[in-house]
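Here's the letter readout for the chains.
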Amino acid sequence: MGTKKVKISSVKRTAHLKSKKKPISKQQQLKLKQKREQLSSKCEHGQNIFSQKARKRDNLAQRKKGNKLASLGQLRPLNNDDDAVEDGDMLLDNVADMLDGDDLALLQAKKRKRKARAAEEDQQLSVALEMAFATASKIEQDAIKIKVDLLPIKSREGEIITRSTKVDYLSKPKKYKAVEEESILLSESGDKNSIYDDSDDDVVNDENEITTAKMISTTDLLIARQQEVERHKYRIGIICSGILEKPEDKMRNFNALYELMDEINQSSGFANLLAVRKLAIVSVTELFKDILPEYRVGQIDTKMQTVRKATLERVTFENALLQQFKKFLQKLEQLTAQVNKRGGQKNAQTIKLAAVAVQSMCDLLLAHPYFNYVQNIAQLLVYMLNCNYCLMRKTVNQCFRTLFNNDKRLDMTLFVVRRINHLIKTKQNNVHIECITCLMGLKIKHVNLDADKENELKQKKLESHRQRLLSLSKKERKRRKKLTEVTKELEETHAEENKQTKHNKLTEIIKMVFTIYFRVLKNDPTSRVLSAILEGLSEFAHVINLEFFADLIDVLNSILEEQAQDLGYREKLHCIQTIFVILSGQGEVLNIDPIRFYQHFYRSMLVVQAGKTHDDFGIILRTLDEVLVKRRRNMSQQRLMAFVKRLLIGSLHLLHNGTLATLGTIKQTFQLTSVLDALLDTDSTTGSGHYDPQLDDPEYCNAASTALYELTLLARHYHPTVRRMSGHIASGVPGTGEGALPTEIGKLNAHELFIEYDSSKMAFNPTIPLPKKSEVKLKKGTQQFLCSEFKKDYRKFLCAAPPAILTNAIYYDFLGAIRAPSNTIT
């Protein structure tokens, strides 16, 4: 049988669908009941007559509808609350259709308040239900018991009995951070107006709990310290990366790094570890090296003048950056003041922090030499150049040398030299040697102080040339004018700095440097910085004005003769080097007899040996370059031979790089003059008299009567390059053929050989091949006798003598035994 389709009315269909709805929960029934009571109270206390009429009309319609549904048998008594709510909403809509003006606005306002209050009550109800559920679940969980196995026992019969018991179940509580709970609530609420902070704010603010557990052992203490350092490393890394990502919005994060630099952390109240403080200083230094601009920030008053929005943002950022940079420098100054001023806390921790602070200031000075407050850094570093700690002095010394070498504008160089001059003058030359040696890094070797006179001569020539141009024709003058304009445009395209301004700065620097040198030589020739002063004079002697040469040589000669016992070998060598540099340059026009200086140098050549003094052999090499090479034509043959002979004697006491430098100087001297070929001849009859190596006067030691016998010793040297070089000189310094040097060795001068073959790192540089292993072959010798009779007697005695006498006796008179053969050997 088929099914029969029956059509029903829409009223029955609606009633059928309503009966199919799921029953609501108790919570929903409670909410609907509350809404119905609120709506009924509002309707009962309504003051408007229109609302009462509308309510009566609506109640009548609802009664008719209810009667109709009851007649059909489809009325649902359980859903009266839902219908009442729907009827209440429909009632308000019908009333709103009949109202206008103020009554309608009042009704809508009440409707909005009702909805807001209902939403708030729903939220409170949900929170209460969640708390009730949590309490109930906790009670149920407390009632849960779990089965736990106990240790087994052994009975008297030897059986193993297992045991178990039931204990309360204790769950591990989950600990959520405050930041995570806030983020969960924000995500659930879905509020569009919620404000989301940066992800690194919790790291910047250091919201981690600090455990104050009592340590019981040194191991636990070290572990806790390492964990604390690692935590702060992570925190510093997050803060620095955030600042580098967008420094305009993260200027406030510098304060968190400054707190880690202090001895006591202001936010936590605990003392910062030394490693954390040093790490914070280095991190802030690297930040400023990256974000500081290359130009000098100017001050713009935005209140007095109007600027564009982009300009205002840039000015605001630059001012904030400048304030943070100033604050950082003040903290570094406080750290250095602890060890540089009287009354400071001079302990191991403050000294280490001061060293880190000095290194940070040096890095900032080299990275941004023309930024704001950098002159303050340079002034502070000049005072640290005279502190009592060698490590800090070396750091500042190297910093100033690098600054002098890289500074192209020379403004900062001139400022530093002036401050050093002021420091030495204030301390009355009682300063450390680093205050003088840092000036060795100045690039003033190629400056000519006599350029003013040359410019005057050039100006006179140009004036005479101008007079000739005036007598030219009109066409020629026009052509000259165009050529001058083109030349001027070409110079502008080069974008070079004004050479005259740069020359004036260099001249001022040189005058300041020699003011320092001459003040020390004049006022305090026995100062502890005399060695550095003499070294500086030997380095820059060729740029001194000609009118100072005679007085300077007299001062240096008096130091060599009157203070010979108080001077060290370095001071003597520097004095001699300075004098020969002056005499080899513009000082050739001076009427000065250098014989006394030759004697001083000849006497000081053997003070350097393969020990602590070996590094000072470079001073002798530079002086030999002035004496044997540049002034070889002003020397007699006897003096030249004496210097070469003593130089080769001194090479036997040096390391292999010093020996190579010595042989390189001798090789160059052999190539420049043919007088030294007589030293390769072993015939001693060519000279007059005998050579006296202990005589201090090179003119009268008779060096021509000897030969370079030291080359035979150097031919068996342990270094293969020394053996090859000595053979090259012994062969007469040939350019090609047998005895010639390879190209890579022959092209090096004495200074390059001394540096290239340096073995200060306890290794051959360059490496040398290992010698080949070879077995020594012993050859059987033969006995030779000058007298045939003695040969017969000797053999006869060996055959007749008892073996005990020959083996046990240490000394035996063979000749007496032979002459008295009749005596009995006992």
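Residues numbered from 1 in each chain as written. Predicted model: local features only at pLDDT ≥ 70, side-chain atom pairs only at ≥ 80, totals over all residues. Heavy atoms only, no water.

Colleague: Describe the overall build of the chain, with residues and values.
Modeller: On a plain count of helices and strands, the chain comes out with 33 helices and 2 strands. Relative to its full complement of 826 residues, the chain shows a buried share of 34%. Considering only contacts within the chain whose residues lie at least 6 apart along the sequence, 68% involve residues at least 24 apart. Approximately 54800 Å² of the chain is accessible, and the part contributed by carbon and sulfur atoms is 52%. (Helix = DSSP H or I, 4+ residues; strand = E, 2+ residues; numbered from the N terminus. Buried < 20%, exposed > 50% of the residue type's maximum accessible area, 1.4 Å probe, protein only. Contact = heavy atoms within 4.5 Å. Areas by Shrake-Rupley, 256 points an atom, 1.4 Å probe, with all protein chains shown as cover.)

Colleague: Before we move on, could you go through the packing of helix H23 (residues 595-603) against helix H25 (residues 637-651) and cite the residues and values that matter?
Modeller: Contact geometry for H23 and H25: axes closest at 11 Å, N-to-C directions at 20°. As judged from the angle between their axes, H23 and H25 are roughly parallel. Viewed along their axes, H23 and H25 form a crossing whose handedness is left-handed. Where H23 abuts H25, its residues Ile-595, Tyr-598, Phe-601, Tyr-602 and Arg-603 lie against Arg-639, Ala-642, Phe-643 and Arg-646. (Axes fitted to C-alpha atoms, helices over the stretch in contact; angles between N-to-C directions. Parallel < 35°, antiparallel > 145°, perpendicular 65-115°, else oblique. Left-handed = near helix turned anticlockwise from the far one by under 90°.)

Colleague: Break down the pattern of salt bridges for me, with residues and values.
Modeller: Counting across every chain of the model gives 15 salt bridges. Measuring nitrogen to oxygen at the nearest pair gives 3.9 Å for the salt bridge that ties Glu-230 to Lys-233. On the criterion of helical spacing, the pair formed by Glu-230 and Lys-233 is a turn pair, its members being 3 residues apart in helix H8 (residues 218-245). The class of Glu-230 is partly exposed, set by a relative accessible area of 39%. Salt-bridge contacts for Glu-434 lead to Arg-393; the nearest nitrogen and oxygen are separated by 3.1 Å. One end of the pair, Glu-434, is in helix H16 (residues 434-437); the other, Arg-393, is in helix H14 (residues 390-406), and 41 residues separate them in sequence. (Salt bridge = Lys/Arg side-chain N within 4 Å of Asp/Glu carboxyl O.)

Colleague: Just give me the short version of the nonpolar core, but keep the residues and values in it.
Modeller: Within the largest apolar cluster, 153 residues are counted, with the highest numbers of intra-cluster contacts made by Phe-288, Leu-365, Leu-381 and Phe-400. Among the elements that take part in this core, helix H19 (residues 499-523) stands out by supplying 10 residues, more than any other. The residues touching Leu-365, leaving out its near neighbours within four places in the chain, are Val-374, Ile-377, Ala-378, Leu-381, Cys-399, Phe-400, Leu-403 and Met-412. (Core = buried A, V, L, I, M, F, W, Y, C linked by side-chain atoms within 4.5 Å.)

Colleague: Any chance you could break down helix H10 (residues 274-291) for me, citing the residues and the numbers?
Modeller: Because the α-helix completes a turn every 3.6 residues, residues three or four places apart line up on one side. Taking 1.5 Å of rise per residue, 18 residues should cover 26 Å, and H10 covers 26 Å from first to last C-alpha, within 8% of that figure. Of the positions making up H10, those classed as buried are Val-276, Arg-277, Ala-280, Ile-281, Ser-283, Val-284, Thr-285, Leu-287, Phe-288 and Ile-291. Those residues of H10 that are buried lie in contact with H8, helix H9 (254-261), helix H11 (309-340) and helix H12 (348-367). (Expected span 1.5 Å × (residues − 1).)

Colleague: Quick rundown of the packing of helix H15 (residues 411-426) against H19? Include the residues and the values.
Modeller: For the pair H15 and H19, interaxial distance at closest approach is 10 Å and the crossing angle is 20°. It follows that H15 is roughly parallel to H19 by the angle criterion. In this structure, the crossing between H15 and H19 has a hand that is left-handed. Contacts between H15 and H19 involve Asp-411, Thr-413, Leu-414, Val-417, Arg-418, Ile-420, Asn-421, Ile-424 and Lys-425 from the first element and Lys-505, Glu-508, Ile-509, Met-512, Val-513, Ile-516 and Arg-519 from the second. The residue inventory of the contact of H15 with H19, partitioned by class, reads 8 nonpolar, 2 polar and 6 charged. (Nonpolar A, V, L, I, M, F, W, Y, C, P; charged D, E, K, R; others polar.)

Colleague: Can you explain the side chain of Thr-437? Please cite residues and give values.
Modeller: Within the fold, Thr-437 resides in helix H16. Residue Thr-437 is classed as buried on the basis of its relative accessible area, which comes to 15%.

Colleague: For the packing of aromatic side chains, give the residues involved together with the corresponding values.
Modeller: One pass over the full model with this rule turns up 16 aromatic pairs. Arranged with centres 5.1 Å apart and planes meeting at 10°, the rings of Phe-254 and Phe-288 form a pair that is stacked. Note that Phe-254 is positioned in helix H9 and Phe-288 in helix H10, a separation of 34 residues in sequence. In this structure, Phe-254 and Phe-288 share a single accessibility class: buried. Note on Phe-601 and Phe-643: the rings are 5.8 Å apart at their centroids and 25° apart in plane angle, and the pair reads as stacked. Residue Phe-601 is found in helix H23, and its partner Phe-643 is found in helix H25; the two are separated by 42 residues along the sequence. One aromatic cluster is present, built from ring pairs that chain together Phe-254, Tyr-258, Phe-288, Phe-325, Phe-328 and Phe-371. Taking NZ or CZ as reference, Arg-409 lies 3.9 Å from the ring centre of Tyr-370, over its face. (Phe/Tyr/Trp six-rings, centres within 6.5 Å; stacked < 30°, edge-to-face > 60°. Lys NZ or Arg CZ within 6 Å of the ring centre and 35° of its normal.)

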